[in-house]
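Residue-level structural notes
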Amino acid sequence: MKITWNWLGEYVDLAGLTAEKVATDLTNAGIPVEWMQPLSGQVSDVVVGHVLAVEAHPNADRLRVCTVDVAKGDLLTIVCGAKNVAPEQKVPVAVDGAMLPDGKIKRSKLRGVESQGMICSASELGLDAKLLPKEQTQGIFVLPQDAPVGVSIVSYLGLDDMVMELELTPNRSDCLSLRGVAYEVAALYDRSVHMPDAIVKEPSGIGKLPLSVEVATERCSLYTAQVVSDLKLAASPLWMQMRLLAVGTRPINNLVDITNYVMYEWGQPLHAFDYDAIVDHTIVVRQAHATEKVTTLDGELREVPSSSILIADLHKALGLAGVMGGLNSEVTEHTRAVVIESAVFDPVTTRQTARQLALRSEASLRFEKGIDEDVTFQALARAAGLMETFAKGKVASGCIAKGTTISEQRQVKQVVVFVKHIQNLLGYAITQSEMLAVCKRLGFTVRIVSDEEFHVFVPSRRQDITIEADMAEEFARLVGYERIPVSVMRGQLTAGVLKPAQHLKRTLRNFLLDRGLHEVWTYSLTAPKVLDNVLIGEGHPAQKMGMLLNPLSEDRVGLRTLVLPSLLEVAEYNSNRGQKNIRIFEFATVFLPKQVPMLDQPVEVPHITGLLCGNAEPDGPHGDNRMIDFYDVSGLVHAVLREAGVAHGQISFARSKEPYYQVGQCAEIYSKNILVGSFGKINARVTERYDLQESFYFDLDFSVVQKLITSDLRVKELPKTPGAERDLALVVDRDLPVQQLLDAVNSSAGRELENVSVFDVYTGDKVGADRKSVALHLVFRADDRTLTDLEIAARVDTVLLLVKEKFGAHLRF
Amino acid sequence: MTKAFFIHVMEVSRVLERLQAMKDQALADLANKEDTVALEAWRVMYLGKKGELSTALRSMGSLSQEERPVVGQVVNDIRASLEQAFETQRSQVLQKAAKEEERRNQLDITLPGRTPFLGAEHPLQKVIRRIEDIFLGFGFTIEEGPHVETDYFNFEALNLPKGHPARDMQDTFYIHSELLMRTHTSPMQARTLLARQPELPVRIIVPGRVYRRDDDDATHSHEFTQMEGLVVDHGISMSDLKGVLLTFAKELFGEHQQIRLRPSFFPFTEPSAEMDVRCIYCGGEGCSTCKHTGWIEILGCGMVHPHVLEMGGYHEEGVTGFAFGMGMERIAMLLYGITDVRQFYMNDLRLLDQFTQIAR
């Protein structure tokens, strides 16, 4: 919302104030002034001139030599290049030494003829060219014939004004008008507001024109209209055009300009219909029919949503209520009479219509936020009055008013205020008299009940105020938020601690950071097509994706079910920028719909995922570099689970069948038969698509991990007896999973086996093709005695017997 | 007799002479011995059991009773002086060898070591953790909520009924008319109140990802991160809000920080405010970052709207609360000088790497 300083001054006394001060104070009171700038740049010594004669330039076809009277000294000779300059015009003349926004004007010779100034175009005066009518942008600025010669153009056009842009919050729609801002300024400085007289006029008798109105929808609470006839369509007065220009509205003609001007003045959107376009002179306000179409003023044929309200006559729609008028009832040069509409349309309906048609107008902007029903009549009367004055019109009908609020007595809104409540809410001892003073400044009447209580009668322009807390804000903002002191919150002590899952998340994040993985954040929104990139086909659970109703780009149409594509994109991005060691992880959420299309909230599952490629250690001069391999990732995943407190013995592996892994080099991780996640080498077909070298991925379901954590510990007593160590190299089939061997050892070595671990695996000539040698390290210990060699040998024999029987294993010598 | 005596005298003097010559020879030899092996050979040669001195001693058998002590004394003196010379030489050689050894074992300490890979916490996570730690210290706990929300919790329970113009402040991704991507972390205010009512006090913060239907550019992101705060208790006032936020601002931005509240509007708070801190670049002098105002907007806040408390199940008179919400990207951009919001989701390792340079 833009306003100008001088325009504002018509309604509230600004004496003793500067625009800068008011802008600051409005901002601090919750009406932020986003910016403020002079209506035009610096303009001085530009006056209204009268073109007396125009002659051809002796040396240039395109130039003209004009004789101009500026009512000061001699007539001026001015060379002008504009085609539209003509005798008898009134024009802005920059005399010798004048300042214009683009620079200084000096007398100078143009092709041998001395020019004693410059005739200016509108944009040379600093006016917004894109809002000006075409004829005003293609040549000099032709002023009205009654422009007084010699008068400064700055005062004539009102250029010595400041434009302020207000950044209004949605609740302060009352300030979408000069009137509303005037009340706000009045409240700041304890002044009063004076709106122009606007009393509904009776028809003047001549050419009385009939009109009837029918309201056939509940979504229009008040509809008022009046006919004005004998109109003369012309340009509106220059001051009105200048003000509309200043607030960003294009001047069109006197009738349209007046409806816009009154809207800015009162906040009540108005519309003018061509009276003769209304069949039977009957206006019907009704809901749109199914598939009804309207051609709006901008020339677009639009299918109207059935929830919309239409203004119609008995045969056809005349406009979209509260949004835009129809082309068929537009004011034209043939218009002799208009119907001025001043009405109140349902905010929600107007908003829906404007949104669905993507047609936001100044009118819909106001209706959808709620307008002041108290000024509907006054705005109508004001517009009719201005049409009489500036379009030579005559009021030709009474004011016709229909709607639900006519029959019902509207109640003045009352808010009960308890002094104590306000004090408690704001946290300081603002007094009742301070509060009453604020009410007076706001123009709210009050009824004092006691020292502790009073009732505020809130005028309908302030629709945002309905409860006591709203009044608390009024008091706080007008007394000043800086008055609110700083206090220490009291009350029961609460322990600010992390929940176990939050703590675990931090632990694991730190663990991965310590292992040299960078944390990344990627988008949750994705598209099903990325699943193709990771070879996920029809029927895979990841295809069950929740989709957005109104996506903005084709890459972000649904909710991710798998994190891998996001990490691949990050890896690709960085690989393209020359990074060869990529080690990243993300705590990411995946969304698993309970059904597709998704009807209710999906299961949101937090995952810990990571992608690694490149060297196992950073490059260095020590010559021990090798590439990351499967077992690095396996070890890392193991360590993550250990860090989480998942007991080592609880973890088991199975081959993963996920299509995005390389067959034979990937695993699913289970704990007590619950799937915890997977890891492995990413399928080469996938890494090729992302232009990556050999890469590894891991993906753990954090919701499962957090259930597996152990946090209770009773320590074991330290052993008092020595342990005995034995190493066994067992030759087995190459395909035998080591885990099976370990399980066999664990089950057969007796309870004195403290630990068994693998310390070497050998394949090669010495054990024969299809065989491998697995070297195991066994530690035996009894709590109560030192085991003898004989006892240990017996246990080792049992082990050897079993593994021979089960796997055909024999000792390697 | 005389002849024999003469011969004998001659023999003694020759013996002594020979001994002296040997001593001179030995000392001259010793000076060349530069390593322990040569030294040992020298020692064996001159001082060993079969060495020259021992041989000299043994040859004293031909001397008379009177002569023996004389020659013996000389031999012992020579032995003592050779032994001393040997020790001196040996310790010199050892010292030199030790020095040499040291020199040979010296490493180039400027050669880079085997540094492990260093991981960097994501800047948004870093900011979240710092803020979480501040509020944990105040006795708040952390709540997290669903990204896919119902229209009810995202809007209605926050005093934003259908058709409310303030819904336009937040362009929304919908799944269907009643299900959407949360546009703010505020739904957790409503959810927490319903879950906890009538328990008091409620002191929570809610970090999390939110979604807006915006085209991505340097200042807009369709996904971003917010942190919500909510306190509900008996007699909570706006001055309490100011107290908590001032302490927070000092912790995050520095001991000398000041805050300023300006009236604003949020449907779920009343009164509402925007909070500014002193510009962290110019300290309040005025610069391009703060648009020459000296202040930077950090968060929105206010007293919990009575309708929100009511819908959350808190009906008791005198129970009030405050809430605040802030954008993590904005704060991270201010703290670390990041100028494009998309960088947080691009994850350029060259940017992330820089975060290994500051303490985690």
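Just so it is clear, the model here is predicted, and its values are computed rather than measured. (Residues numbered from 1 in each chain as written. Chains lettered and ligands numbered in written order. Predicted model: local features only at pLDDT ≥ 70, side-chain atom pairs only at ≥ 80, totals over all residues.)

**Things to note about the overall build of chain B**
Of the regular secondary structure elements, chain B holds 12 helices and 10 strands. The C-alpha radius of gyration of chain B comes to 46 Å, more than 25% above the 21 Å expected for a compact globule of 360 residues. For the C-alpha atoms alone, the extent of chain B along its principal axes is close to 150 × 45 × 45 Å. Counting every position in chain B, which comprises 360 residues, the buried fraction comes to 39%. Sequence-distant contacts, at least 24 apart, represent 68% of the contacts inside chain B between residues at least 6 apart. (Helix = DSSP H or I, 4+ residues; strand = E, 2+ residues; numbered from the N terminus. Rg over C-alpha atoms; globule rule 2.2 N^0.38 Å. Buried ≥ 20, exposed ≤ 12 C-beta atoms within 10 Å, placed from the backbone. Contact = placed C-beta atoms within 7 Å.)

**Side note on the overall build of chain A**
Helix and strand counts for chain A come out as 22 helices and 39 strands. Computed over C-alpha atoms, the radius of gyration of chain A comes to 42 Å, more than 25% over the 28 Å expected from 2.2 N^0.38 for 813 residues, which places it beyond the range of a compact globule. Its C-alpha atoms give chain A principal-axis dimensions of about 130 × 85 × 60 Å. Counting every position in chain A, which comprises 813 residues, the buried fraction comes to 42%.

**Things to note about the interface of chain B and chain A**
If you look at the interface, chain B gives 73 residues, while chain A gives 76 residues. Considering each element in turn, the side of chain B that touches chain A owes the most residues, 7 residues, to helix H8 (residues 238-253) of chain B. Considering only residue class, the side of chain B that touches chain A consists of 39 nonpolar, 20 polar and 14 charged. (Nonpolar A, V, L, I, M, F, W, Y, C, P; charged D, E, K, R; others polar.)

**Points about the sheet that holds strand S25 (residues 445-448) of chain A**
Residues and elements named next belong to chain A. Spatial strand order, S24-S26-S25: 3 strands in an open sheet with antiparallel pairing. Pairing within the sheet leaves two strands with one partner each, and these edge strands are strand S24 (413-418) and S25. Along the sheet, successive strands turn relative to each other by an average axial angle of 25°, direction set aside. Here S25 runs beside strand S26 (residues 453-458); their pairing, made up of 4 bridges, is antiparallel. Residue Val446 lies in a different strand from S26, and its bridge partner there is Val456. (Pairing = 2+ DSSP bridges. Axes fitted to C-alpha atoms, helices over the stretch in contact; angles between N-to-C directions.)

**Remarks on the environment of Gly327 of chain B**
Following the sequence through the fold, Gly327 of chain B ends up in strand S10 (residues 319-327). Ignoring anything within four residues of it in the chain, the contact list for Gly327 of chain B reads Phe224 and Gln226 of chain B.

**Observations regarding the pairing of strand S8 (residues 269-278) of chain B**
All names here are of chain B. Burial analysis of S8 places 10 of its 10 residues in the buried class, the great majority of the element. Here strand S7 (residues 259-266) pairs with S8 via 7 bridges, running antiparallel. Its bridge partner being in S8, Ile259 is matched across the sheet by Val277. Between S7 and S8, which pair antiparallel one after the other, the connecting turn spans 2 residues.

**Comments concerning the sheet that holds S7 of chain B**
Paired through their backbone hydrogen bonds, the strands of a sheet run either parallel or antiparallel. Residues and elements named next belong to chain B. Taken together, the 7 strands give an open sheet; going across it, the order is S1-S5-S6-S10-S9-S8-S7, and neighbouring strands pair in mixed fashion. In this open sheet, the two edge strands, each paired with only one partner strand, are strand S1 (141-142) and S7. One ladder, built from 10 bridges, connects strand S5 (residues 202-211) with strand S6 (residues 223-234); its direction is antiparallel. Within S6, the residue paired with Pro207 across the bridge is Met227.

**Topic: the environment of Asp171 of chain B**
Along the chain, Asp171 of chain B falls in the loop between helix H6 (151-154) and strand S3 (174-176). Residue Asp171 of chain B is classed as partly exposed on the basis of its C-beta count, with 14 C-beta atoms lying within 10 Å.

**Here we look at helix H15 (residues 500-514) of chain A**
Across its 15 residues, H15 of chain A extends 21 Å between first and last C-alpha, which sits within 8% of the 21 Å expected from 1.5 Å per residue. At the C-terminal side of H15 of chain A, Gly516 of chain A shows a positive phi close to 80°. (Expected span 1.5 Å × (residues − 1).)

**A closer look at helix H10 (residues 328-336) of chain B**
Taken together, the buried positions of H10 of chain B are occupied by Met328, Glu329, Ile331, Ala332 and Met333 of chain B. Within two residues after H10 of chain B, Gly337 of chain B carries a phi angle of roughly 70°, on the positive side.

**Topic: the pairing of strand S21 (residues 338-345) of chain A**
Across the 8 residues that make up S21 of chain A, a large majority, 8, are buried. Both faces of S21 of chain A are covered, namely the face carrying Val338, Ile340, Ser342 and Val344 of chain A and the face carrying Val339, Glu341, Ala343 and Phe345 of chain A.

**Some words on the environment of Lys505 of chain A**
Residue position: Lys505 of chain A is located in helix H15. Once the C-alpha coordinates of Lys505 of chain A and Tyr156 of chain A are considered, the two residues, 349 residues apart in sequence, prove to be 70 Å apart.

**What to know about unusual backbone geometry**
Each neighbour pair has its own omega, and for Gln197 of chain B with Pro198 of chain B the value is 5°, a cis peptide bond. Along the polypeptide, Pro198 of chain B turns up in the loop between helix H7 (187-196) and S5. A cis amide bond links Leu200 of chain B to the next residue, Pro201 of chain B, at an omega of -10°. Mapped onto the fold, Pro201 of chain B is located in the loop between H7 and S5. Phi is positive for Ala71 of chain A, close to 60°, though the residue is something other than glycine. A positive phi angle, close to 65°, is found at Asp770 of chain A, a residue other than glycine. By the element assignment, Asp770 of chain A lies in the loop between strand S37 (753-762) and strand S38 (771-780).

**Notes on the confidence of the model for chain B**
Residues with a pLDDT of 70 or more make up 97% of chain B, whose mean pLDDT is 91. With a pTM of 0.86, the predicted complex shows an ipTM of 0.87. (pLDDT = per-residue confidence, 0-100.)

**Remarks on the packing of helix H13 (residues 432-442) of chain A against helix H14 (residues 468-479) of chain A**
Residues and elements named next belong to chain A. Orientation of H13 relative to H14, taken along the N-to-C sense of each, is 90°, at an axis distance of 10 Å. The orientation of H13 with respect to H14, classified from their angle, is roughly perpendicular. For the pair formed by H13 and H14, the contact residues are Glu434, Met435, Val438, Arg441 and Leu442 on the first element and Glu474, Phe475, Leu478 and Val479 on the second. Looking at side-chain class alone, the contact of H13 with H14 contains 6 nonpolar, no polar and 3 charged residues. (Parallel < 35°, antiparallel > 145°, perpendicular 65-115°, else oblique.)

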